[in-house]
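One-letter residues, chain by chain:
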Amino acid sequence: MTQEATSEALTAAPLLTPLVTTVIEPAHGWVPLKVRELWEYREVLYYLIWRDIKVKYRQTLIGATWAIIQPLMTMVVFSVFLGKLAKVPSDGVPYPLFAFAALVPWAFFANGLTQSASSLVASGHLITKVYFPRLLVPTARVLSGLPDIGLSFLVLLGLVAAYGRFELSLSLLWLPAMAALALLTAFGIGLWLSALNVQYRDIQHAVPFLVQIWLFATPIAYPSSLLAEPWRTIYGLNPMVGVVEGFRWALLGSGRPPGMPLVVSTAAALVLVVSGAFFFRRVERTFADVI
Amino acid sequence: MSDDIAVRVDNIGKQYRIGTRRAPGTVMMREVLTDLAAAPFRKLRALARRLAAGTETLPQPAGADHIWALRNVSFTVPRGQVIGIIGPNGAGKSTLLKVLSRITEPTEGRVEIHGRVGSLLEVGTGFHPELTGLENVFLSGALLGMRKVEIERNLDEIVAFSEIEKFIDTPVKHYSSGMYVRLAFSVAAHLEPEILIVDEVLAVGDVSFQRKCLNKMEDVHQHGRTILFVSHNMDAVTRLCERALLISHGGIQKDGPASDVASAYLLSTLKTDAIQEWPIAETAPGNAIARLRRVRVRDEAGATVENIDVRQPVGIEMVFDVLTPGRVMAPSVMLYARSGTCVFSAHDLDPEWRQRQRPAGSFTATAWIPGNLLAEGALLVSCGLGSIRPLEVHFFVREAVAFNVTDPGMGDSARGDWDGSIPGVVRPLLKWQTAYRPLSGGLIEGDA
């Protein structure tokens, strides 16, 4: 040990800790998540997120405005065709507000899901050339959507205020929790899809459909009050139901406060994340060979 | 934990499936579709067979298109050693580095690594074209294993080393390839891992920058770091590495001092030995007048040699049978450098047989090449036999034998005390003369 310490002092190596020993062996079946290693690589995660955010709106004219335009335009389309023409009920809230309060977390979720599903394949050049925990790739993609939801949330607040419905209340504290649930869900699905996409590129063709179907399976353009129990709780297996309802309730006071459906949603999201992470770790050893 | 071993590789193997390049054990839905549309894959199978034919020693799983890219590879690297890994393309060098870098998992075996590993498997790992040079320094640095504080501490030095300070805030997509390489390598050169794994990344960039990088790597070595270094540049391998591994067909063929392994490799790439024989007279090269029976490269003591010291004379010995007597004949040899350059062509001027008709029988003609004439490296020998009158070529065998000229660098060859590379296909030990006159009366033209 003393010898080691001297040699390290001579090399001025940054590590004063004893040498780490890495053992490389073929793994079989299910493997542990190695959460500690993920923590050790947190700076890589930070730079991956930082890169994704920096690159996202480079060489665009209006930059991050795109983060707002996407849900805003969808809201306009929904308001005109569904709100005005089809007269879809909106639980007593002005339809544009009703739709936009759901579209803000939805856009975050949908983008996070789409981006993370293609993240590994898009990072093929990294995966075949340098080691770092592969889990960081889809994680970074989902997290890099956070500034976007922040921006569009500000617009949402403005819209709420413009309709004169803004109320400062404790229920607002639920919003970050709801955003976190959307993030977890996107992450869980993203883990499954990104890992599957490495082997089956079919995934990247299927993702747009998945997002579209999911959009209609979530009460974004219509209120979930259209559904009766017990269907509504089963419906809550779709975690985005909990997110969207929670958003509306916290911000607009419409619908019911978080209850059983939210518990179901959270549990479903956690199942997705945990199963996704283990599946990911199981198949990641072949990524570099297959990608 | 052992104190003096940096890397211990124990019997590792890596199996790939040909065609899709994926590891075995994964069952795919696509298989079914593949079988349905098997026709386009037949080509791949043919390729697989061809590859397999070259690796007869490796067991092939029956009925599957599997190939062992690496098999039964074991070695240990003591801490602080610089070890070169050489071998032909597709030999498994890159696979080995990928296993050691934890990019891909071995199919069997075990590797133990003591210390932080930095891998340079490409130029500009993680570089994003839209990001500026500076931003990429941070991104690439982090991915290569540097901590943020380390990058910040070395930032000025990294930028200065790259020699592109002016463009550091320009997106790298606007960089020339040279600028890109400079920046990429200067990030890499400032890695401070205990173990550095480097793939053929020096093959790019201009010569002066390559030199700078090599010097920087030597620096790194002097700081006591262990380096595993894949290269096709034998000059760099012999200069930087104490030891080298020759890998081919997925296994270690030779392990020893870098210069020995490098010259063995150079010779093996020629696919030509130092001796070639034709035991059956009827099929030996030649015609009804004369046939070549044996060619070899020999030293003064008479031994067949693959490697010859640059200072020693080397003989090219041809044994041929004259079947029809009465011709005046001229054996000849031509030497080619690896680049294809003809070093020289010479024909036999032995006074005893120069104008004399040869009787039937076996002749042995040896051309002696003096020491201190050829440059280091591999040489290919072609040899032929012709009659002067009537003019006729009886045989001419291209690349009949090959040998390798080595220089142990004792200071008494034309290399002197210089240990870098020296261009040229010949390296004669010249006689140098110097005239000297003090500067008192002004410089006067020498009295040469």
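Report follows, based on the coordinates. Quick caveat, the model's predicted, so the values are computed rather than measured. (Residues numbered from 1 in each chain as written. Chains lettered and ligands numbered in written order. Predicted model: local features only at pLDDT ≥ 70, side-chain atom pairs only at ≥ 80, totals over all residues.)

Focus on the overall build of chain A
Across its full length, chain A carries 14 helices and one strand. Put simply, of all contacts in chain A between residues at least 6 apart along the chain, 80% involve residues at least 24 apart. (Helix = DSSP H or I, 4+ residues; strand = E, 2+ residues; numbered from the N terminus. Contact = placed C-beta atoms within 7 Å.)

Examining helix 3 (residues 93-100) of chain B
Counting buried positions over the eight residues of helix 3 of chain B gives seven, a clear majority of the element. Looking only at helix 3 of chain B, the buried set comprises Lys93(B), Thr95(B), Leu96(B), Leu97(B), Lys98(B), Val99(B) and Leu100(B). (Buried ≥ 20, exposed ≤ 12 C-beta atoms within 10 Å, placed from the backbone.)

Observations regarding the pairing of strand 8 (residues 243-248) of chain B
Residue and element names in this part refer to chain B. Judged by how many residues are buried, strand 8 sits mostly within the fold: five of six residues are covered. Of the strand pairs in this sheet, strand 3 (residues 82-86) and strand 8 are connected by four bridges, and their pairing is parallel. In the sheet register, Gly84 faces strand 8, and the bridge partner there is Ala244. As paired strands, strand 8 and strand 9 (residues 251-257) are joined by six bridges and run antiparallel to one another. Among the inter-strand pairings, Leu246 is bridged to a residue of strand 9, identified as Lys254. Between the antiparallel neighbours strand 8 and strand 9 lie two residues, among them His249 with a positive phi of about 50°. (Pairing = 2+ DSSP bridges.)

Topic: the sheet that holds strand 7 (residues 226-230) of chain B
Backbone hydrogen bonds are what pair the strands of a sheet, in a parallel or an antiparallel way. Residues and elements named next belong to chain B. Overall, mixed pairing links the six strands, which are arranged 5-6-7-3-8-9 in an open sheet. Since the sheet does not close on itself, it has two edges, and those belong to strand 5 (117-120) and strand 9, each with one partner. With direction set aside, neighbouring strand axes in the sheet form an average angle of 15°. Here strand 5 runs beside strand 6 (residues 195-198); their pairing, made up of four bridges, is parallel. Note that in strand 6 the partner of Val117 across the bridge is Ile195. Where helix 9 (residues 258-269) meets the sheet, it contacts strand 3, strand 8 and strand 9, and its direction lies at approximately 135° from that of strand 9. (Axes fitted to C-alpha atoms, helices over the stretch in contact; angles between N-to-C directions.)

Topic: the interface of chain B and chain A
Interfaces are often sized by the amount of accessible area the parts lose when they come together. Residue-level contacts link 47 residues of chain B with 37 residues of chain A. At the level of secondary structure, the elements contributing two or more residues to the side of chain B that touches chain A comprise helix 3, strand 4 (108-114), helix 4 (133-143) and helix 5 (148-162) of chain B. Element by element, the count of residues in the side of chain B that touches chain A is highest for strand 4 of chain B, at six residues. Partitioning the side of chain B that touches chain A into residue classes produces 16 nonpolar, twelve polar and 19 charged. (Nonpolar A, V, L, I, M, F, W, Y, C, P; charged D, E, K, R; others polar.)

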